[in-house]
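Survey of secondary and tertiary structure
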Protein chains: 2
Amino acid sequence: MAKELTTRAENYSQWYNDLVVKADLAEQSAVRGCMVIKPYGYAIWEKIQRSLDDKFKETGHVNAYFPLLIPKSFFSREADHVKGFAKECAIVTHYRLKTNEAGNAVEVDPEAKLEEELIIRPTSETIIWNTYKNWIQSYRDLPVKCNQWANVLRWEMRTRPFLRTAEFLWQEGHTAHETREEAEAEAQTMLKVYADVAEKIMAVPVICGVKSANERFAGAIDTFTIEALMQDGKALQSGTSHFLGQNFAKAFDVQYATRDGKLDYPWATSWGVSTRLMGALIMTHSDDNGLVLPPRLAPLQVVIVPVYKSKEELAAIAAKVNEIVDKLKAKGVSVKFDDSDNKKPGWKFAEYELKGVPVRLAVGPRDLAKNEVELHRRDTMEKQQVSMDGIDEKIVALLDDIQENIFQKAKKYRDEHITKVDTYDEFKRVLDEKGGFVLAHWDGTTETEERIKEETKATIRCIPFGNPQEEGKCILTGKPSTQRVLFARSY
Amino acid sequence: MAKELTTRAENYSQWYNDLVVKADLAEQSAVRGCMVIKPYGYAIWEKIQRSLDDKFKETGHVNAYFPLLIPKSFFSREADHVKGFAKECAIVTHYRLKTNEAGNAVEVDPEAKLEEELIIRPTSETIIWNTYKNWIQSYRDLPVKCNQWANVLRWEMRTRPFLRTAEFLWQEGHTAHETREEAEAEAQTMLKVYADVAEKIMAVPVICGVKSANERFAGAIDTFTIEALMQDGKALQSGTSHFLGQNFAKAFDVQYATRDGKLDYPWATSWGVSTRLMGALIMTHSDDNGLVLPPRLAPLQVVIVPVYKSKEELAAIAAKVNEIVDKLKAKGVSVKFDDSDNKKPGWKFAEYELKGVPVRLAVGPRDLAKNEVELHRRDTMEKQQVSMDGIDEKIVALLDDIQENIFQKAKKYRDEHITKVDTYDEFKRVLDEKGGFVLAHWDGTTETEERIKEETKATIRCIPFGNPQEEGKCILTGKPSTQRVLFARSY
């Protein structure tokens, strides 16, 4: 084996950490909680980004860029934002270094202290709504539908690559609308965009729903979410879309002249997904051999490994393989012929399995003689001999098949891990023994939700859209309930 | 007129500031020296980005992402970097806010002080070379050719949108190589990529050359540059590529096993362009009517404005125009039919001229009757009647023609503003009366360069590649010189 992974059964958390490093996705940096996203990991992120960005543009959004730094006072403007928003932020207090007396190092110049401290954005509602004040005067200026791709920073105490890091990359959409209905529809539209990219591009099945009051974004009226299920039975919140009402408009005094000549506050949404999606991608599909990537996101879709003893054998293989490479490229498939001579085929097989390359072809002299290749698919680890005739078309179809198969596999696992329970004992037993989502009745109060969280570490992930209404009793308090809600332990 | 611009003759600097704001490219934010890049400006930047990114990938580079924050001590590791690098940086000293006693605002929590301050990256050589230490062990790990798209921050005292802002967006490439020759070639290759994108995509002619010692990047052995000329006769350094020797490898103790089993330090380059290119783009082509955009970067290439009195007239025009729109879109041309009814055609004409849309078609009932449109090209402001037959092909050809024309116009201006002088008096007179680049003999010393700068505000922009060698005397000291170098006042 090239690089050994801890198995999932042994230690799921260690398996994840190993995989992130050994598959060259990311690594810790010299700065606490900040990761380096390595080229292979970044190439996958770029494909996720491109898919999202295309959909943002299709749905009428434009990109812009707002400042990294936000004046401290802005965080006091929206009352719920003050109370509820995590305050673990990086704070800039000085603006100059100077060379020390010895001339061999730099130190902070105490003279260069800022009058008002600046916060590295943990999210940008405040600075963006302060900007929208200049942009929105009339109903003719609405809607405003901006997105930005940016880095943000939250001083998290316990970090894990992609899942929770101090600095992370994300996109944040911020929109302003004439009517409440339009803003609510926008928040839903963007959640749908997230769900589509998750399911169709990332092959990660998600449950769409609305958050309980307790789990809402600070300053939002409603927070919508897509929730995915990881292989250890824990949920991962993978994207959120917020209906903000008129809260930020009021906090930043953004008013516009309406169609009937009055003044009103626009209605707002914000929505974001981050490099956390990389965590969802890795943990949904991968196995003890390494990454499993959906073909639509794989930086390399097909690798071809020659199996040979002499230079002549390699030359004969290469001649045939180069034809296949050209045909695959012509069909838009990314492919690499790895004829490097410093690694054995077995090492290469393991390495590309670790990296999650969806399809591997191996070609030796005997294959060549039979006009065949050995085809290996990463998702099922199955091998078969196939004819070289029409191999390009077979591979194009196979890539689609793999994309669909890993989605169905993840969906089956997810569906098998949604359990209805009626008692608190059963609730706890399912969480401990089976994991996954648990559908249970809840009395609708924050107190109950918090007590359940304290006692079981499970939270309400969401109230699913189109949730069936049924009478029941809260698993904790026995009080009446009209619907089951979706609980899980989560990242 | 929609929005009046100050003319260039009146006040060039004010014209630029007006144009940036009125054409919706950028605006000041609430944070000193940090701008908001508005959607129209960002759409142009995205096209520049895409052009560059494609070329980076074609030349074998990969993208990655490194942390925003850099430990203070890293800036003391490379001696010249300490001495020479601008120290006006944003410094993070604390990591938590807390709600004040009144509960209505946040304040810095004095308990949450960092042990070592963190600097928002002004450039990333230090943190990247600290990372490369893990990546590079053997000659088989070389070359490393990474780029990152990122925001950086330098606490500039006097800022101007795009040209000099505290926070700006850029890309920074950082490469490591086995040999000096390979690294030097890489630095040249990337300068060529910059020059190509500047000239072929942005239509901005540039002079490629090497910086004098005094203007070199702190820590570099050689700095290569592309220099553009603005319409006020001042130069704009538009991109730089540095050959860093083994300086950063040594500072961060990056060594690798060579082919013959020894240990050596890899050779390095770094190279970057930023949103400053937006300033170059704006100031090279635009005029008193507003922006002039090269078609390859225009977010909107063609706008069609109907000229009508009745709804029936508009309907007849729209029917025909929609055919044209479809044909243009099929040819990959971005086009908008602006049938909004709250603005007069004259207002629209001025607005799209301000925004630099390369081609405008106006269609009224009489044009319709004659199967013609009025075609207006933004670069020359010329109007002509053209037949609707084959209008799509004409426009595709016209867009190429405009791209070429604005490049040639800028190049002519630039070439006419390169003046050879032989005396210091002439040097000063040309700078004051004509502006532009001045080719003059220089004795090669930093002292002379600095005295000239002090007395005339002109600096050596570069020693152009392939510079003719000729004997002469330094314009300031009269000492012997072997070549003229390129001086200018600059941004």
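Focus on the overall build of chain A
Broken down by element type, chain A carries 13 helices and 26 strands. In terms of its C-alpha atoms, chain A occupies a principal-axis envelope of roughly 80 × 70 × 55 Å. Relative to its full complement of 491 residues, chain A shows a buried share of 60%. Across chain A, every contact between residues at least 6 apart in sequence was considered, and the portion connecting residues at least 24 apart equals 69%. Accessible surface, chain A as shown: approximately 19,700 Å² in total, 47% of it carbon and sulfur. A gap of 2 Å separates the mean positions of the 69 positive and 75 negative side-chain charges of chain A.

Observations concerning the nonpolar core
If you look at the biggest cluster of nonpolar residues, it comprises 260 residues, and the most contacted ones within it are Ile120(A), Phe427(A), Ile120(B) and Phe427(B). When neighbours within four sequence positions are excluded, Phe427(B) is seen to be in contact with Val421(B), Val438(B), Ala440(B), Ile452(B), Thr456(B), Ala458(B), Ile475(B) and Phe487(B).

Things to note about the pattern of salt bridges
Throughout the structure, instances matching the rule amount to 69 salt bridges over all chains. Residues Lys57(B) and Glu46(A) are paired through a salt bridge, measuring 3.1 Å at the closest nitrogen-oxygen approach. Residue Lys57(B) is located in helix α2 (residues 39-58), and its partner Glu46(A) is located in helix α2 (residues 39-58); the two belong to separate chains. Residue classification places Lys57(B) among the partly exposed residues on the basis of a relative accessible area of 37%. Where Asp338(A) meets Lys348(A), a salt bridge forms, and the shortest distance between an N and an O atom there is 3.7 Å.

Regarding the side chain of Asp196(A)
Among the secondary structure elements, Asp196(A) is positioned in helix α5 (residues 180-201). Relative accessible area serves as the criterion here: at 16%, Asp196(A) is assigned to the buried category.

Some remarks on helix α1 (residues 12-22) of chain B
Owing to its 3.6 residues per turn, the α-helix aligns residues three or four sequence positions apart on the same side. Residues and elements named next belong to chain B. Within the span of α1, buried status applies to Tyr 12, Trp 15, Tyr 16, Asp 18, Leu 19 and Val 20. Its buried side turned inward, α1 meets β1 (26-28), α7 (276-285) and α9 (345-354). In this structure Asn 11 caps α1, since a side-chain oxygen of it lies 3.2 Å from the backbone nitrogen of Ser 13. Backbone geometry just downstream of α1 places Asp 24 in the positive-phi region, at approximately 60 degrees.

Examining the sheet that holds strand β8 (residues 113-120) of chain B
Pairing in this open sheet of six strands is antiparallel, and the strands run β4(A)-β8(A)-β5(A)-β5(B)-β8(B)-β4(B) from one edge to the other. Every other strand in the sheet has two partners, leaving β4 (69-71) of chain A together with β4 (69-71) of chain B as the edge strands with one partner each. Strand-to-strand twist of the sheet, defined as the mean angle between neighbouring strand axes without regard to direction, takes the value 45 degrees. Bridging between strand β5 (residues 91-94) of chain B and β8(B) involves three bridges; their strand directions are antiparallel. When the sheet's bridge partners are listed, His94(B) is paired in β8(B) with Lys113(B).

Focus: the relation of the copies chain A and chain B
With an RMSD of 0.0 Å, the operation that places chain A on chain B is a rotation of 180 degrees combined with a shift of 0.0 Å along the axis. What we have between these two chains is a two-fold relation. Within chain A, the C-alpha atom positioned nearest to the axis of rotation is that of Val92(A), 2.1 Å from it. Comparing contact sets, 100% of the residues at the interface of chain A also lie at the interface in chain B, consistent with an isologous, same-surface contact.

Quick look at the interface of chain A and chain B
Interfaces are often sized by the amount of accessible area the parts lose when they come together. Taken together, the contacts link 68 residues of chain A with 68 residues of chain B. Interface area for chain A against chain B, summed over the two sides, is near 5,600 Å², with a carbon-plus-sulfur share of 66%. Summed over the shared surface of chain A and chain B, the number is four salt bridges. There are 32 residue pairs in polar contact (both at pLDDT 80 or more) connecting chain A and chain B. The class makeup of the residues in the side of chain A that touches chain B is 40 nonpolar, twelve polar and 16 charged. Alignment of strand β5 (residues 91-94) of chain A against β5(B), held across three bridges, turns out to be antiparallel. From the neighbouring strand, Ile91(A) faces β5(B), where its bridge partner is His94(B).

A short note on the environment of Gly261(B)
Structurally, Gly261(B) can be placed in the loop between β14 (256-257) and β15 (263-264). Separated by 137 residues in sequence, Gly261(B) and Leu398(B) place their C-alpha atoms 60 Å apart.

Some points on the packing of aromatic side chains
Summed over the entire model, instances satisfying the criterion amount to 34 aromatic pairs over all chains. An angle of 40 degrees between the planes, with centres 5.9 Å apart, marks the rings of Phe66(A) and Trp135(A) as tilted. You can see Phe66(A) sitting in the loop between β3 (62-63) and β4 and its partner Trp135(A) sitting in helix α4 (residues 125-135), a full 69 residues away along the chain. Across the pair, Trp135(A) and Phe66(A) agree in class, each one buried. These aromatic residues form a ring-pair network of at least three members: Trp45(A), Phe56(A), Trp149(A), Tyr194(A) and Trp271(A). For the cation-ring pair, Arg8(B) lies above Trp15(B), with the distance from its terminal atom to the ring centre recorded as 5.9 Å.

Things to note about the environment of Leu293(B)
Residue and element names in this part refer to chain B. Tracing the backbone shows Leu 293 in the loop between α7 and β17 (302-306). The spacing of Leu 293 and Val 357 is 64 residues in sequence and 6.8 Å in space, taken between C-alpha atoms. Those residues in contact with Leu 293, other than ones at most four positions away along the chain, are Tyr 40, Ile 44, Leu 281, Ala 298, Pro 299, Lys 355, Gly 356, Pro 358 and Ile 406.

Overview of the pairing of strand β26 (residues 480-488) of chain B
Residues and elements named next belong to chain B. With seven of its nine residues buried, β26 lies for the most part within the structure. As judged from the four bridges shared by strand β23 (residues 437-441) and β26, these two strands associate in the antiparallel manner. Bridge pairing in β26 places Ala 440 opposite Val 485. Judged from the three bridges that link them, strand β24 (residues 459-464) and β26 form a sheet pairing that is antiparallel.

A word on the packing of helix α1 (residues 12-22) of chain A against helix α7 (residues 276-285) of chain A
Residues and elements named next belong to chain A. It is the contact of α1 with α7, at a shortest axis distance of 11 Å, that shows an interaxial angle of 115 degrees. The handedness of the crossing between α1 and α7 is right-handed. Here Tyr 12, Trp 15, Tyr 16, Leu 19 and Val 20 of α1 come into contact with α7, specifically with Gly 279, Ile 282 and Met 283.

Topic: unusual backbone geometry
Peptide bonds are, in most cases, trans, and in most cases residues other than glycine have a negative phi. Residues and elements named next belong to chain A. Look at the link from Leu 142 to Pro 143: it is a cis peptide, with omega at -5 degrees. For Phe 162, which is not glycine, the phi torsion reads 70 degrees and is therefore positive. For Phe 162, the location among the structural elements is in the loop between β9 (144-153) and β10 (167-177). Owing to a relative accessible area of 2%, Phe 162 belongs among the buried residues under this scheme. Although it is not a glycine, Asn 371 sits at a positive phi angle of roughly 60 degrees. Of the residues examined, Asn 371 reaches a relative accessible area of 24% and is grouped as partly exposed.

Notes on the confidence of the model for chain A
Considering every residue of chain A, the mean pLDDT works out to 96; 98% of them sit at 70 or more. What the predictor reports for the complex is a pTM of 0.96 with an ipTM of 0.96.

Thresholds applied
- In this numbering scheme, every chain counts its residues from 1 along its sequence in written order.
- Going through the entries in the order they are written, you letter the chains from A and number the ligands from 1.
- Only residues with pLDDT of 70 or above have their local features reported here, since the model is predicted, and side-chain atom pairs are shown and tallied only from 80 upward, although totals for entire chains, interfaces and linings are computed over all residues.
- Here the side-chain values reflect all heavy atoms present in the structure, with hydrogen atoms and water set aside.
- The helix and strand labels rest on DSSP assignments: H or I over at least four residues marks a helix, E over at least two residues marks a strand, and numbering proceeds from the N terminus.
- Buried means the residue's accessible area, taken with a 1.4 Å probe over protein chains only, is under 20% of the maximum for its type, while exposed means over 50%, and partly exposed covers the values in between.
- A contact between two residues is defined here by any heavy atoms of the two lying within 4.5 Å.
- The protein chains shown are the only cover counted for residues, whose accessible areas, like all others here, come from Shrake-Rupley with a 1.4 Å probe.
- Asp and Glu count as negative and Lys and Arg as positive, but His and the ends of the chain are not part of the count.
- The atom standing in for a charge is NZ when the residue is Lys, CZ when it is Arg, CG when it is Asp and CD when it is Glu.
- Nonpolar core, defined: a set of buried Ala, Val, Leu, Ile, Met, Phe, Trp, Tyr and Cys residues in which side-chain atoms within 4.5 Å join the residues together.
- Whenever a carboxyl oxygen of Asp or Glu lies within 4 Å of a side-chain nitrogen of Lys or Arg, that contact is scored as a salt bridge.
- Nitrogen and oxygen atoms within 3.5 Å of one another constitute a polar contact, given that in protein one can donate a hydrogen and the other can accept it, and given that sequence-neighbouring residues count only through two side-chain atoms.
- Two strands qualify as a pair provided that DSSP identifies no fewer than 2 bridges between them.
- Note on geometry: axes are C-alpha line fits, over the in-contact stretch for helices, and angles between N-to-C directions span 0 to 180 degrees.
- Fitting of the copies onto one another was done by least squares over C-alpha atoms, counting residues only where both copies have pLDDT of at least 70.
- Two parts placed together each lose some accessible area under a 1.4 Å probe, and the buried area is that loss summed for both.
- Three residue categories are used. Nonpolar comprises Ala, Val, Leu, Ile, Met, Phe, Trp, Tyr, Cys and Pro, charged comprises Asp, Glu, Lys and Arg, and polar comprises the others, including Gly.
- Put simply, two rings from Phe, Tyr or Trp (the six-membered ring, in Trp's case) pair if the centres are within 6.5 Å, and we call them stacked under 30 degrees between planes, edge-to-face over 60, tilted for the rest.
- The criterion for a charge sitting over a ring is simple: Lys NZ or Arg CZ within 6 Å of the ring centre, and within 35 degrees of the ring normal.
- Note on convention: the crossing is left-handed when the near helix lies turned anticlockwise from the far helix by less than a right angle, right-handed when the turn is clockwise.
- The quantity called pLDDT is the predictor's confidence in a given residue, expressed from 0 to 100.

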